[in-house]
Amino acid sequence: MFERFTELARRAVVAAQDAALSMRHDFIGTEHLLLGLIQTAGPAGEALREHGVEPARARETTVRLLAEAGVPATGGQASKDALASIGIDVAEIQRRADDTFGPGAFRFPRPPFTLRAKRAMGLALGSATALGHERIDTGHLLLGVLAEEEGVAGDVLRALDEDAATLRQAVLERMTAV
Amino acid sequence: MSAEESPAADLVDQVTSKDPAVGLQAVVALRRLLEELERLHVDNARDQGWTWQSIATALHVSRQSVHEKHATRRKTTGKEK
């Protein structure tokens, strides 16, 4: 599916991973995709920012909602501890990998996509197909995130008093065939 | 740092735990470590000019499965054309 993503959509997904890493969450959920989209150019970011979804405010809200839900923000410490319990020292592997391959080549734990984030991306593909667009752009990704209502992104938008239907309309108006 | 946040306390808990959840968590973490190491070494092999077939042979898997798993990712992240 990623091979059909536009350059901007790919950048948004990378920004989503960076958001998860910087908040020390051990997963990439719809809320991180939303943050990635807000920070990236293209119809999704434009529509979100125009409706007052500011990066800083959205980020604060995400941090607060996940903390309230008891989601760990420990950079995957539990996984490192689990490996330590069977005698594997991740810090040592990290040090050697950085020395040999350069920093960033090895990353543990690398946050995986949640089921809902995967579904949102599947829905993005669906909306591209429905609109007759060849490639998946940031606008389709936002439509996918908005359609996956049960995701935390939905909670973040509700906490910010944003209406999903309004955002949907706004992004559709900005989308051109890609 | 409170007692429950101490890594040493966590470690003792895990080593002595008969709780299946703890052992299974280690299995999941190990699987994730394996995936990350595979990614690291496949990237290194490709950067050194290895063919997908030689990588597949070294990993004891089919060329198709290694290609499916890593080629798109490398293209997407700009590591390969």
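Residues numbered from 1 in each chain as written. Chains lettered and ligands numbered in written order. Predicted model: local features only at pLDDT ≥ 70, side-chain atom pairs only at ≥ 80, totals over all residues.

When its secondary structure is counted, chain A shows ten helices and zero strands. In sequence order, chain A lays out its α and β elements as α-α-α-α-α-α-α-α-α-α. Here the C-alpha radius of gyration of chain A, 17 Å, is about what a compact globule of 178 residues would show, namely 16 Å. Counting only C-alpha atoms, chain A reaches 55 × 35 × 25 Å along its principal axes. The 178 residues of chain A split such that 42% are buried. Look at the contacts in chain A between residues 6 or more apart in sequence, and 72% of them connect residues 24 or more apart. (Helix = DSSP H or I, 4+ residues; strand = E, 2+ residues; numbered from the N terminus. Rg over C-alpha atoms; globule rule 2.2 N^0.38 Å. Buried ≥ 20, exposed ≤ 12 C-beta atoms within 10 Å, placed from the backbone. Contact = placed C-beta atoms within 7 Å.)

Attention now moves to the interface of chain A and chain B. Where interface size is quoted, it is often the accessible area lost as the parts come together. With 19 residues of chain A at the interface, the matching set in chain B holds 18 residues. Elements with a contribution of two residues or more to the side of chain A that touches chain B: helix H5 (77–84) and helix H6 (90–101) of chain A. In terms of residue count, H5 of chain A provides more of the side of chain A that touches chain B than any other element does, six residues in total.

The next thing to look at is unusual backbone geometry. Residues and elements named next belong to chain A. The omega angle of the peptide bond from Phe 108 to Pro 109 is -10 degrees, so this bond is cis rather than trans. Note on placement: Pro 109 falls in the loop between H6 and helix H7 (115–130). At Arg 24, a position not held by glycine, the phi torsion is positive, near 60 degrees. Among the secondary structure elements, Arg 24 is positioned in the loop between helix H1 (7–22) and helix H2 (30–38). For Asp 161, which is not glycine, the phi dihedral falls at a positive 60 degrees. Along the chain, Asp 161 turns up in the loop between helix H9 (152–159) and helix H10 (164–174). Since 7 C-beta atoms lie within 10 Å of it, Asp 161 is described here as exposed.

For the rest of this paragraph, the subject is helix H3 (residues 43–50) of chain A. When H3 of chain A is considered as a whole, its buried residues turn out to be Pro 43, Ala 44, Gly 45, Ala 47 and Leu 48 of chain A. Structurally, H3 of chain A contributes buried residues whose contacts are with H2, helix H8 (138–147) and H10 of chain A.

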